[in-house]
Amino acid sequence: MAPSRPFPPVRQSAFPYAHVARPSHECRAPCKEAGLDALAEAGVEERVHAAICAALLAGKLRPGMPLRERNLAEAFGCTRGAVRKVLARLGAEGKLDLEPNRGAFVPRPSVEDIRQVYSARRAVEAGIVATLCGRLSDEQVARLTQHVEAEEAAFHGQQREASVRLAGGFHALLTDMVGSADLLAFVQRLIAKTELYKALYDPAEFIECAPTEHRELVAALQTDRIQATIDMITAHLDDIERRVVEQAMRAEEVPDVKAIFGQG
Ligand SMILES: [Zn+2]
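S.K.: Sorry if this is basic, but what is going on with the nonpolar core here?
M.R.: Buried together is how nonpolar side chains tend to be arranged in soluble globular proteins. Within the largest apolar cluster, 54 residues are counted, with the highest numbers of intra-cluster contacts made by Leu56, Val86, Leu87, Leu132, Phe170 and Tyr197. Looking at this core element by element, the count peaks at 10 residues for helix 7 (residues 181-201). Taken together, domain 1 (36-105) and domain 2 (111-252) each give at least three residues to this core, which thus spans both. Sequence-distant contacts of Leu132, that is, excluding residues within four places in its chain, are made with Leu174, Met177, Val178 and Leu221.

Set out below in structure tokens:
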């Protein structure tokens, strides 16, 4: 079952980790000119956005928790207007739920929501590995291997934030190798959702993916065993889904009043 199609050329552009919050750019020169105030304001918004994203991914914010403009403005020492803009952006990115007249809340995805997004990832990523299996260039294999090494270093160094970013980044990097910007944008949205769901319900296990499984996947992608590689990515995503769903089901359980107050 040797592949005959030539693989598309490796894209040389810097890999866009668009779903990862970037560090803020502070205004270095004194803000003397008109317009620089707006730049400084944008810097504040980036900082607040990055901090809330980091807290979400670290599992510090619980499902359903309200995020009040006034409290956040006090915590960050900024205006409520700046906070409002950041909350609107996080809502648009699907990282917060915005409810009219009630405010912003940390999402509380149902078990069904979680199952749906992992089903989408399994379907799409099975197609991605089938497309790439046996067709990776030496340069692509080197990039993937380098990425897995960075994941392992972050994992063993207990660098939680870097581990989360790199684990999702591995799946995005694979997707990028298919060479479709539309596909990459779609998969990045799915990854951002599963990262959030994982952080909300299973924060103790601090990353979605074990780097060892990514290393095995890179090895499998260098063979022509397409079905075995599909089975591998499916099992990898199944495993993460099972852990998150178990925790989410526990969170959904309504305590039994009889068990609490009844005579045993
Ligand atoms: Zn993974």
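S.K.: Where do I start with the sheet that holds strand 3 (residues 103-105) in this structure?
M.R.: The strands making up a sheet associate through hydrogen bonds between their backbones, and the pairing can be parallel or antiparallel. Spatially, the three strands line up as an open sheet ordered 1-3-2, and their pairing is antiparallel. Strand pairing shows two members of the sheet lacking a second neighbour, strand 1 (66-67) and strand 2 (97-99), which therefore form its edges. The pairing of strand 1 with strand 3 spans two bridges and is classified as antiparallel. Within the sheet, the bridge partner assigned to Pro66 lies in strand 3 and is Phe105.

S.K.: What's the story with the packing of helix 8 (residues 211-221) against helix 9 (residues 226-252) in this structure? I'm lost.
M.R.: To characterise two packed helices, one gives the angle between the axes of the helices and the distance between these axes. Helix 9 packs onto helix 8 with a crossing angle of 165° between their chain directions and a minimal axis gap of 9 Å. One element, helix 8, and the other, helix 9, form an angle in the roughly antiparallel class. In the crossing of helix 8 with helix 9, the sense of the turn from one axis to the other is left-handed. Seen from helix 8, the contacting residues are Glu213, Glu216, Leu217, Ala220 and Leu221; seen from helix 9, they are Ala228, Thr229, Met232, Ile233 and His236. When its residues are assigned to classes, the contact of helix 8 with helix 9 shows six nonpolar, two polar and two charged.

S.K.: In this structure, what is going on with the environment of Asp97? I would like to understand it.
M.R.: One can find Asp97 in strand 2. Owing to 18 C-beta atoms within 10 Å, Asp97 belongs among the partly exposed residues under this scheme. Along the primary structure Asp97 and Pro66 are separated by 31 residues, whereas in three dimensions their C-alpha atoms are 9.4 Å apart. Those residues in contact with Asp97, other than ones at most four positions away along the chain, are Phe105 and Pro107.

What counts and how
- Residues numbered from 1 in each chain as written.
- Predicted model: local features only at pLDDT ≥ 70, side-chain atom pairs only at ≥ 80, totals over all residues.
- Core = buried A, V, L, I, M, F, W, Y, C linked by C-beta atoms within 7 Å.
- Buried ≥ 20, exposed ≤ 12 C-beta atoms within 10 Å, placed from the backbone.
- Helix = DSSP H or I, 4+ residues; strand = E, 2+ residues; numbered from the N terminus.
- Domains from an automatic or database assignment.
- Contact = placed C-beta atoms within 7 Å.
- Pairing = 2+ DSSP bridges.
- Axes fitted to C-alpha atoms, helices over the stretch in contact; angles between N-to-C directions.
- Parallel < 35°, antiparallel > 145°, perpendicular 65-115°, else oblique.
- Left-handed = near helix turned anticlockwise from the far one by under 90°.
- Nonpolar A, V, L, I, M, F, W, Y, C, P; charged D, E, K, R; others polar.

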